Amino acid sequence: MNLKGRSFLTLRDFTPEEITYLIDLAAEYKQKKKDGIMTDTLKGKNVALIFEKTSTRTRCSFEVAAHDLGLGTTYLDPTGSQIGKKESIADTARVLGSMYEGIEYRGYGQEIVNDLAKYSGVPVWNGLTNEYHPTQMLADLLTIREIFGDLKGRKLAYMGDARYNMGNSLMIACTKMGMHFAAGAPKKYFPQKELVDACEEYAKASGGSILLTEDPMEAVKDADIIYTDVWVSMGEPDSVWEERIHELTPYRVTKALMANAKDTAVFLHCLPAFHDLKTKIGKEMGERFGITEMEVTDEVFESAQSKVFQEAENRMHTIKAVMAATLGA
Ligand code: CP
Ligand code: NVA
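Attention in this report is confined to the structure presented alongside it. Here the structure is a predicted model, which means the values were calculated and not measured.

Cut-offs used in this document
- Residues numbered from 1 in each chain as written.
- Chains lettered and ligands numbered in written order.
- Predicted model: local features only at pLDDT ≥ 70, side-chain atom pairs only at ≥ 80, totals over all residues.
- Heavy atoms only, no water.
- Helix = DSSP H or I, 4+ residues; strand = E, 2+ residues; numbered from the N terminus.
- Rg over C-alpha atoms; globule rule 2.2 N^0.38 Å.
- Buried < 20%, exposed > 50% of the residue type's maximum accessible area, 1.4 Å probe, protein only.
- Contact = heavy atoms within 4.5 Å.
- Areas by Shrake-Rupley, 256 points an atom, 1.4 Å probe, with all protein chains shown as cover.
- Lys, Arg positive; Asp, Glu negative; His and termini not counted.
- Charge placed at Lys NZ, Arg CZ, Asp CG, Glu CD.
- Near = heavy atom within 4 Å.
- Polar contact = N/O pair within 3.5 Å; in protein donor to acceptor, adjacent residues only side chain to side chain.
- Nonpolar A, V, L, I, M, F, W, Y, C, P; charged D, E, K, R; others polar.
- Core = buried A, V, L, I, M, F, W, Y, C linked by side-chain atoms within 4.5 Å.
- Pairing = 2+ DSSP bridges.
- Axes fitted to C-alpha atoms, helices over the stretch in contact; angles between N-to-C directions.
- Parallel < 35°, antiparallel > 145°, perpendicular 65-115°, else oblique.
- Salt bridge = Lys/Arg side-chain N within 4 Å of Asp/Glu carboxyl O.
- Arc of directions from axis to C-beta.

What follows covers the overall build of the protein chain. The helix and strand inventory of the protein chain stands at 13 helices and 9 strands. Relative to the compact-globule value of 20 Å for 329 residues, the protein chain shows a C-alpha radius of gyration of 19 Å, a close match. The principal-axis extent of the C-alpha atoms belonging to the protein chain is close to 55 × 40 × 40 Å. With 329 residues in all, the protein chain has 57% of them scored as buried. In the protein chain, 77% of the contacts between residues at least 6 apart in sequence involve partners at least 24 apart. Surface exposure of the protein chain reaches about 13,600 Å², of which carbon and sulfur atoms provide 52%. For the protein chain, the distance from the average position of its 39 positive side-chain charges to the average position of its 48 negative side-chain charges is 3 Å.

See below:
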């Protein structure tokens, strides 16, 4: 398997074999890290990390993984560069491509990360766009494989806004890997038809399936994994909170929902999560709408079934694998 020179923009561009290769490589890097084995084979190379939206996991994962691989890093924060405001993406890409061996981008439209890849001439890694979050998918697949020992035939139920980056990406990841994807959401939050059609084709080839349903109990029935994400994503206006809380509360991951999945089911969430009032936004919404939790109850989040911190750690190992494979470590 040779992924050197490739960009990592969406899992749609990768075969199930390539995805498995990246998960295997991440597992190897994870073991080496635990054993204290150095992996700094990319010394002398540098990567640019562009964040037009905020981040904890993705930024830290890219920085730690880069340092472990021997790479130098430059972090460009949401306000500190000329990108978009004074300089086009095509111009930025040509400048960065002349100085760096790879570029990470987190921000808005998928077309931005596509253009960075097109004009920079170096591998570009999507650290989250409105449409996709592919590095998160590798961490999720690695976590599911660590827990169950396999992926094929497992059912993942995604609850909430299934038409945004996380819902889209999980549907792609599951159907590519022979898993059964279910989305529990009001119809207007279902993924777009074009993507569902493409994923139906992946499912046909892999033995997976797709279920889109407005019935939360049907979505989670016999699931191995119940997954959710925030109800309002970065970059969306604050004005949508009220509508989201109203429309998505029936899809909150509760103990009753977990009980309708398999006994062995686990809970995953890309994080950050609103499961209590210990955040600024959580507190504000709590006061405005009289709620104490949003997409997941604190009880489920803190339960033994919740594997969200194992999942978060795996962001680093999988991001390391993506950089290593595409830079030819
Ligand atoms: N899951 C995830 O992407 O987290 P951050 O927004 O903290 O990077
Ligand atoms: N849907 C969320 C994912 C965060 C990791 C967002 O885009 O804000």
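Now that the structure is up, let's keep going.
Taken together, Ser55, Thr56, Arg57, Thr58, Arg106, His133, Gln136, Cys270, Leu271 and Arg315 make up all the residues around ligand 1. Between Gln136 and ligand 1, the recorded distance is 2.9 Å, taken from a side-chain N or O atom to a nitrogen atom. Contact between ligand 1 and Leu271: a nitrogen atom at 2.9 Å from a main-chain N or O atom of the residue. Considered on its own, ligand 1 offers 250 Å² of accessible surface; in the complex 95% of this is hidden by protein. For the shell around ligand 1, the per-class residue count stands at 2 nonpolar, 5 polar and 3 charged.

Looking now at the nonpolar core. One finds Leu156, Phe181 and Met323 to be the most contacted residues of the largest nonpolar core, which totals 60 residues. Judged by nonpolar contacts, the second largest core, of 35 residues, contains Phe190, Val220, Met258 and Met285.

Read across the sheet, 4 strands follow the order β2-β1-β3-β4 without closing on themselves; strand pairing throughout is parallel. Since the sheet does not close on itself, it has two edges, and those belong to β2 (72–76) and β4 (124–126), each with one partner. Shown here is a sheet whose adjacent strand axes are inclined to one another by a mean of 20 degrees, direction ignored. Across 5 bridges, strand β1 (residues 46–51) lies against strand β3 (residues 102–106) in parallel orientation. Counted as the bridge partner of Phe51 is Arg106 from β3. Contacting β1, β3 and β4, helix α4 (residues 110–120) runs over the sheet at an angle of about 170 degrees to β4. Across the sheet, helix α13 (residues 308–327) lies against β1, β3 and β4, angled at about 155 degrees from β4, the strand it touches most.

Okay, the site of ligand 2 next. As a matter of local geometry, ligand 2 sits amid Leu128, His133, Asn165, Asp229, Val230, Ser233, Met234, Cys270 and Leu271. One of the side-chain N or O atoms of Asn165 is found 2.8 Å from an oxygen atom in ligand 2. Within the backbone of Met234, one N or O atom sits 2.8 Å away from an oxygen atom of ligand 2. In the complex, 96% of the free accessible area of ligand 2, which totals 270 Å², lies under the protein chains. Here the residues of the shell around ligand 2 are counted per class, giving 5 nonpolar, 3 polar and 1 charged.

With that settled, the discussion passes to the packing of helix α9 (residues 241–248) against helix α11 (residues 280–289). Where α9 meets α11, the closest approach of the two axes is 12 Å, and the angle between their N-to-C directions is 75 degrees. Put simply, α9 runs roughly perpendicular to α11. Contacts between α9 and α11 involve Trp241, Glu242 and Ile245 from the first element and Ile281, Met285 and Phe289 from the second. Taken together, the residues of the contact of α9 with α11 break down into 5 nonpolar, no polar and 1 charged.

This part covers the pattern of salt bridges. Applying the stated criterion across every chain yields a total of 25 salt bridges. With a shortest N-O distance of 2.7 Å, Lys33 and Asp68 are connected by a salt bridge. Taken as a pair, Lys33 in helix α1 (residues 16–35) and Asp68 in helix α2 (residues 57–69) lie far apart in primary sequence, 35 residues in all. Classification of Lys33 by relative accessible area gives partly exposed; the value is 40%. Between Asp91 and Arg94 there is a salt bridge whose closest N-O contact spans 2.6 Å. Here Asp91 and its partner Arg94 are both found in helix α3 (residues 89–99), 3 residues apart, which amounts to about one turn of the helix. You can call Asp91 partly exposed: its relative accessible area is 33%.

Looking now at α11. Those residues of α11 lying buried are Gly282, Met285 and Gly286. Along the axis of α11, the buried positions cluster into a sector of 105 degrees, meaning they face one direction only. Residues of α11 that are exposed and point more than 90 degrees away from the buried face comprise Lys280 and Glu287. Gly290 occupies a position one or two residues after α11 and carries a positive phi of about 65 degrees.

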